[in-house]
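Architecture at a glance
So the chains spell out like this:
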Amino acid sequence: MMGWRLEMADHVDIPTSFNPGSNSVVADIQELPATVLTASWVAPPSYLGDKVSSYGGYLTYQVKSFGLPSDMVLLGKRPDVQLTGQQMSVIYEEPNNPRPDRLYYGRVQVVEGNFRHAGSSAPVSREELMTVLSRLEGVRIRGLYFTETQRLTLGEVGLEQASNSGSGSVAHHVEMCSCPPEYTGDSCQGCSPGYYRDNKGLYTGRCVPCNCNGHSNRCQDGSGICINCQHNTAGDHCERCKEGHYGSALHGSCRACPCPHTNSFATGCVVNGGNVRCSCKPGYTGTQCERCAPGYFGNPQKFGGSCQPCSCNNNGQLGSCDPLTGDCINQEPKDGGPGEECDDCDSCVMTLLNDLATMSDELRLVKSQLQGMSASAGALEQMRQLETQTKDLRNQLLNYRSVISNHGSKMNGLEKELSNLNHEFDTLQEKVQMNSRKAQTLYNNVDRTLQSAKELDTKIKTIIRNVHIFLKQISGTGEEGNNLPSGDFSRELAEAERMMREMRNRNFGKHLREAETEKKEAQLLLTRIRSLLENHQVENSGLVRSIRDSIDEYEAKLNDLRGAIQEATAQAKQATGLNQDNERALEAIKRQVKEIKSLQGDFTKYLSTAGASLLQTNVVLKLMEKSQEDYEKLAATLNGARQELSDKVTELSRSTSKESLVVEAEKHAQSLQELAKQLEEIKRNASGDGLVRRAVDAATAYENIINAIKAAEDAASKARSASESALQTVVKEDLPGKAKILNSNSGKLLNEATITENKLRQEVSPALNNLKETLQVVTGQKGQIETNLSTLRDDLHGIQRDDISGMINSAKNMVRNANDITNDVLDGLSPIQTDVERIKDTYGSIQSEYFNKVLTDADNSVTQLTNKLPNLLSKIESINQQLLPLGNISDNVDRIRELIQQARDAANKVAVPMRFNGKSGVEVRLPNDLEDLKGYTSLSLFLQRPDSHENGGTENMFVMYLGNKDASRDYIGMAVIDGQLTCVYNLGGQEAELQVDQIMTESETREAVMDRVKFQRIYQFARLNYTKGATSNKPETPQFHDMNSGNSHTLLNLDPENVVFYVGGYPPDFRLPRRLKLPSYKGCVELEDLNENVLSLYNFKQTFNLNTTEVEPCKRRKEESDKNYFEGTGYARVSTQRHTAIPRFAQTIQTTVDRGLLFFAENKDHFVSLNIEDGKLVLQYKLDSEPPKEVRRVDPINDGKDYTIQINFLKAQKLLSVKVNSVNTQIKGEIFDFNTYYLGGIPISLRERFNISTPAFRGCMKNLKKDTGVVRLNDTVGVTKQCSEDWKLVRVASFSRGGQLSFRNLDLPDNFQASFGFQTSQPSGILLNHQTQTSSLQVTLEEGHIELSTRDSSRPIFKSPQTYMDGLLHYVSVINDNSGLQLLIDDKPLKNNQKLQGFSNSQLSIRLGGSNFEGCITNVFVQRSSQSPAVLDLVGTSSKRDVSLGSCGLNKPPFLMLLKGSTRFNKAKTSSINLPLRDTPVASLRSTEVWRDTLSCPLPPQARASHGALQFGDSPTSHLLFMLPQELLKPRSQFALDVQTTSSRGLVFYTGTKNSFMALYLSKGHLVFALRTEGKKLKLKSKEKCNDGKWHTVVFGQDGKRGRLVVDGLRAQEGSLPGNSTFSIRTPVYLGSSLSRKPKSLPQNSFVGCLKSFQLDLKPLDTPSTSFGVSPCLGSSLEKGIYFSQGGGHVILGNSVLLGPEFKLVFSIRPRSLTGILIHIGSQPEKHLCVYMEAGKVTASVDNGAGGISTSVTPKWSLCDGQWHLVTVTIKQHILHLELDTDSSYTAGRLTFPPASTQEPLHIGDVPANLKTLKLPVWKSFFGCLKNIHVNHIPIHVTEAAEVRGTVSLNGCPDH
């Protein structure tokens, strides 16, 4: 009812108000004057438009007139309903009148019989009513019925409309027409694409084709003007090229003017063959607009370049600024030194002379044109004729308008006459009807008289007949013997005679005469009436025919007149348009004539000034000489760069022929998995009597793994520099042909090496069964390698050609154009790659004989390169460090890195002991996440000591060291002292040591018996689990030993840049702690795991004196197991037969996590996914065209027990069966085929394709089976062949807002400790709360500060000075001992002498989380009396709410990848796994850029300037936090960003600590770069102020001790730190304000302004870990609304909406993207209301827990029109109704809500991750503007939002 208004007869609105309670519109009319007798309710636009489908439906409404009934008098009759459209109005009059002060229900069926024309009251035909409905322009309902009315109401107005999805009765009146091609719609009321309505003829006019010359299929109705001309055309009919283009729009397409290139800076151009002449825009000059005009600067010839006005106050003189840089002339000299070349001066003189020559040619051309024009005197005569024709046309138009006016007055007269005739006819008809009724009455009376006479005659005849019978009876002659008795005969006879006499005496003649007379009179009257009636009928019929003919004639004339009026209107519009065109043409001609006349005078001046311009050349030359000094200074600055680049070119020139190294490195990295699998196969096939053979095979595989990993590591370092050097050399030497040959040979070597590898594998496989054959093959290969090494050495010497010096000289000459060279290199890559692919295809067709020869060469080359790579490591590493700032120019480097990561994963799976000889050792590669090791460390390993005759009696040996390179800091170490294992660890300078009282087991190396050591540390406490003879048949009972390092330090602080993990031995320059300073280990060591992550010695960084040819590894007994441990980072890919009748799959699982993906199969858009959600099994599937569905089990399966899951695809029965233990679930549907399925997870491509958000599975799987037998997991990533004893341990939990974990009945000692780690980005919340009956303790986060308080304390006991809401992991310990209470935060103590009471020896409950806390808690430790110190297993919680166990949602999971290079899947040719498996919570902007562009609206021009920029400074602490990956933290680092500000002071960039940092900040408008370390400082300051409100590009960085600052690429500042101090970049990095402690010399608050394009070493950094107080930089005026940026974000209003059976939601949107979530109401996936867009379609979805319904509206026009669009969602009477502007849709269903529903949160723009389910096909955040949110007619104020996430602006929307 919103939008209805009350209007008086003079179209003046009466104020109204909306009553939500009664859903009605109310108007108070007490103050209206008594003369107002008419008021009508006018409908809003939602009731108008195309309403053809409403024909036959009902228009219903409720009206009421309030007042005193006794005073209210009914007004005269007026139309109750009026419909207007297509220049017609039809009315409906209700036969019944409403009653005063009573509610009146109006109802009218929309059919022609109920309506009459408004003016003439003539009946309405069906065609006329359909014409009105086809474009319904107005609906009016009578409002005023009575006098003395005080108030009017209108409510419940409904106009029925037929639709395919409706739930009412069948609409029999609505037609479905089969339309001609040019029409569309149910009743053919619309025009098809490519047609428009000409508004001529009857009704709505005809649809005629658009005339757009093939450049558009849309044009305006009536005029036919084309809309949205394509192919660079313009005009009303796309008949000409648009500005800046040339060609023929009528016969082809238009192309951009080459002025100068694809950058068209011309208004037009003329192309004649190869000659181009451009008409340049202001600011450009030259024949092709290739230069900037005087007073402008820039480089139009550069892609993306343009000319800008000079910003120099030089009184408008020419040449006031540099034409390229814009620097003002005669201002302060530029920075630089002497030696600047001035070669450009000569080029400027030549350019000026050429311009003068060109100007002379142009003057001659214009002169000839002017002479031709002056000779043509007919032009003026033509203009005069054109003016005369224009005046005549204007007079004719005025005459035509007067004729139309006369016709209009005649029409009014005809209508009046027609109305009078109709009135007379109605009167005559009433008289005829009255006479007819009288005649009919008389006729009926005559008939009754005749009938009475007939009845009398019958009665007389009956009496006579009875008399005769009676006489017969008297005489006794009756035939039947019925004679009368003779007793009283005489008496009876006498009585009869008396009666006869009496009858005879009566005289009926008079009556008979009267009857005859009346009969005659009646007959005469009847005859007269009939004659009169016949006469009147004849007259009436003639009159009717005459009137009907007249009406038909008038109606035909009326239609003709209507057509004539429409035609006249069109002609008038056309004439007006022609007149306007003529006037514009005339004005243009006059303007041109005037310009030509002025040019005649100007040309003379130009000729005279041309000489003066030559004189000015000397002045320009002098200015250039003056600028020479500046150039010389700049050249001096470049001298250092020239020398450095020359050195680089010298190094690069030696790597020309190393491009094949990239291909070979790939080949080695890909082969690592196969080598690891060979080793596993050797172990699997080993038997009891083949120990010697297994040892040799293991040694061979071990050596191959060592070599392959080395080769991959070397190739990773070399590949980048090799590819870059090759590409640089190609460009500098102009050697594309040689580059093609190198690349083609690379492709050839790759293909042939793959064939060789496969062939070699086939040869080696049978050789493994025979020891002698295997050894012979190895010996032969070594000999071949030695032979090929000499060949490779000769080849490498041949690479160093004599032309290197020439190449260096050429490179030196190109220093001046370094930037152009870089662009040329990048542009040259594309054709080179194209040629490589073409050459590869060409080589593929060569004869097989040649390939056989190439195969042999390739095999030899691969062997040579593999063994030669280590010799080139130092040189390539040097080149790589020099090229680091240039960024990555080869995709192969990224691929090699991915292969290396896969190789490391494979190396970690190699569970083979490594033997150390007393001199060797390895440095093991640690996991990336060292923060987890701070609070908890769990390390398992196996140790073996050789027999006494083997080890020579050595009793003291070094085992391992894990810690910092500076051994005086924190570490963990082990050693063997006096034959016993000793463990030492140091936390903050406090050491703890323990020696096992058992002597280590001694055994033979070939049949090693190993002891198992498990070290577990939780904060300062540690436990050592030692099992003697763990690998023997009868291991001894494990012994446990506890350790404690004290309460002052609890964390193991490891520096990521200086951490090492040495096993067996250590480098000679490394200084061990005193207790570990022992000889290297002699024996075998095997690593098992580190913090539940599988770890192997074969995943090492480097080795020390390790030679497997001299020392063979140990062999120990291992129990084979079919268990597979899924680490939660990858998946397993399994192949199966595609067309199996009944595919069956089975596996037994064990897990303790809440979420994980178990099984996944797909084909096209169909899929089956078996997941764990909230600990319960969920089956999600899509078997047909319906949306995805899911089935949930009730019982949890994450208790760590065995659950056997069977999945059966029954194709014949069309059933999908899932059986868990003995409970079976069946789903009906079409079963699809698939030849690949996944266990434990899926690739990222499938996640994005099917919207799967469930993380990878973490747990154990065994008994894997499929329809063809047992499953062997060979193609895996993140899967290990063993399940450790700690895999069930859960140490981390992710808390949603308000989530809680509770533990009960924990006993504490007198002196207790509670420790935990946490991560959050929220400022407040409860971290830990534990209570007893008498006391309580609580650790909270308040405004980012950590507070410790108790029940008895009125204020916090401790409050941290710093804040900890930066999203990083922080550790908190609460310790209560004899010395008092202390709080440790990241090992920084806060102490209090007070000791807490009431906690000793009591049962207490501990609660983690609560209030507003949202984040993660890990490594929880509570000191307990009943057991030794150990980390708290979170699986054993008493209760949990809104908590997910097993992972932290704030961290990006370390998902691995599985490349498609697996040989098994190359054969199938069906796998398309091209992307690495890397699920991240927020996709980067670059990764989704292409996809987003397909669904995004085009940006308006005024918005593109600040696109992607972010606003800082709305809050003093606004900032972005970046957690940089380890691989980006290099000794040399270069940051870049664009900044725009008017602020004079503020922090822009910061990283480091208070004493060692790198910062960029504003000081008095200047940009300052600061570097500080070890007390040394460096400060660089920009010369110019940068707070001018313009964008400035800033590049800054350091290479250890030197710093550099470049502003706008022109003025560079450099400097060095004093002494030998160096600085290393570290994470985190802040933009804006920093949460870290900063020195007072730096600004403490963020700068105020905008920032974009943040980069590190040319790599964009566009996905921050944390964002606070940062919003999109809008850069223009704002209007009311919320702006959601492209980076994603949303607003949360907590518990503000009541979702019930009667609900209404209204809001407006202006989107920038056609896909995204608009509004989501609800906190549970099974109960919600969600409104979202999907590819431009708006959908509303409701789910109440028992089932959901949805409805959608697809707008007729795109929502990308820049206008606001109104969205209305209504729930009423189990119907979900959605309106989008004037379009609507609804769906009926059973929506039941509990009567006492709770308030639900309102999410705007997006929803939390835990609410994103398959029921919501859209997960993308909304991008655009949203405003005016009303829920149940109550406005929602977003300023009261409980939380704002991401880049969202509540201050307003950009007005474009």
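The text that follows walks through the structure, step by step, so that each part is easy to find.

**Examining unusual backbone geometry**
The residue after cysteine 259, namely proline 260, is reached through a cis peptide bond having omega 0 degrees. One non-glycine residue, histidine 231, lies in the positive phi region at around 60 degrees. Secondary-structure assignment places histidine 231 in the loop between β16 (207–209) and β17 (233–234). Exposure remark for histidine 231: the relative accessible area of 43% places this residue in the partly exposed category. Even without glycine at this site, aspartate 1657 takes up a positive phi of about 55 degrees. Along the polypeptide, aspartate 1657 turns up in the loop between β78 (1649–1656) and β79 (1659–1660). Taking relative accessible area as the criterion, aspartate 1657 reaches 8% and is therefore assigned buried.

**Quick word on the state of the cysteines**
Scanning the entire structure with this criterion turns up 15 disulfides. Note that cysteine 241 is cross-linked by a disulfide to cysteine 254, the S-S spacing being 2.0 Å. Judged by the torsion about the S-S bond (-80 degrees), the cysteine 241/cysteine 254 disulfide is left-handed. One end of the pair, cysteine 241, is in strand β18 (residues 240–241); the other, cysteine 254, is in strand β20 (residues 254–256), and 13 residues separate them in sequence. When sorted by exposure, cysteine 241 lands in the same class as cysteine 254, which is buried. Across the disulfide, cysteine 257 is cross-linked to cysteine 269 (sulfur-sulfur distance 2.2 Å). Taking the sign of the torsion about the S-S bond as the criterion, the disulfide between cysteine 257 and cysteine 269, at about -80 degrees, is left-handed. Of this pair, cysteine 257 sits in the loop between β20 and β21 (266–272) while cysteine 269 is found in strand β21, placing the two residues 12 residues apart along the sequence. Overall, cysteine 269 belongs to the buried group, its relative accessible area being 15%.

**A closer look at the sheet that holds strand β3 (residues 16–19)**
With respect to topology, five strands assemble into an open sheet ordered β3-β4-β12-β6-β9, the strand pairing being antiparallel. Of all strands in the sheet, those with a lone pairing partner are β3 and β9 (104–109), marking the two edges. Recorded for the sheet is a direction-independent mean angle of 25 degrees between the axes of neighbouring strands. By the bridge criterion, four bridges tie β3 to strand β4 (residues 24–28) in an arrangement that is antiparallel. Along β4, the bridge assignment pairs asparagine 19 with serine 24.

Conventions used here
Residues numbered from 1 in each chain as written. Predicted model: local features only at pLDDT ≥ 70, side-chain atom pairs only at ≥ 80, totals over all residues. Heavy atoms only, no water. Helix = DSSP H or I, 4+ residues; strand = E, 2+ residues; numbered from the N terminus. Buried < 20%, exposed > 50% of the residue type's maximum accessible area, 1.4 Å probe, protein only. Disulfide = S-S within 2.5 Å. Pairing = 2+ DSSP bridges. Axes fitted to C-alpha atoms, helices over the stretch in contact; angles between N-to-C directions.

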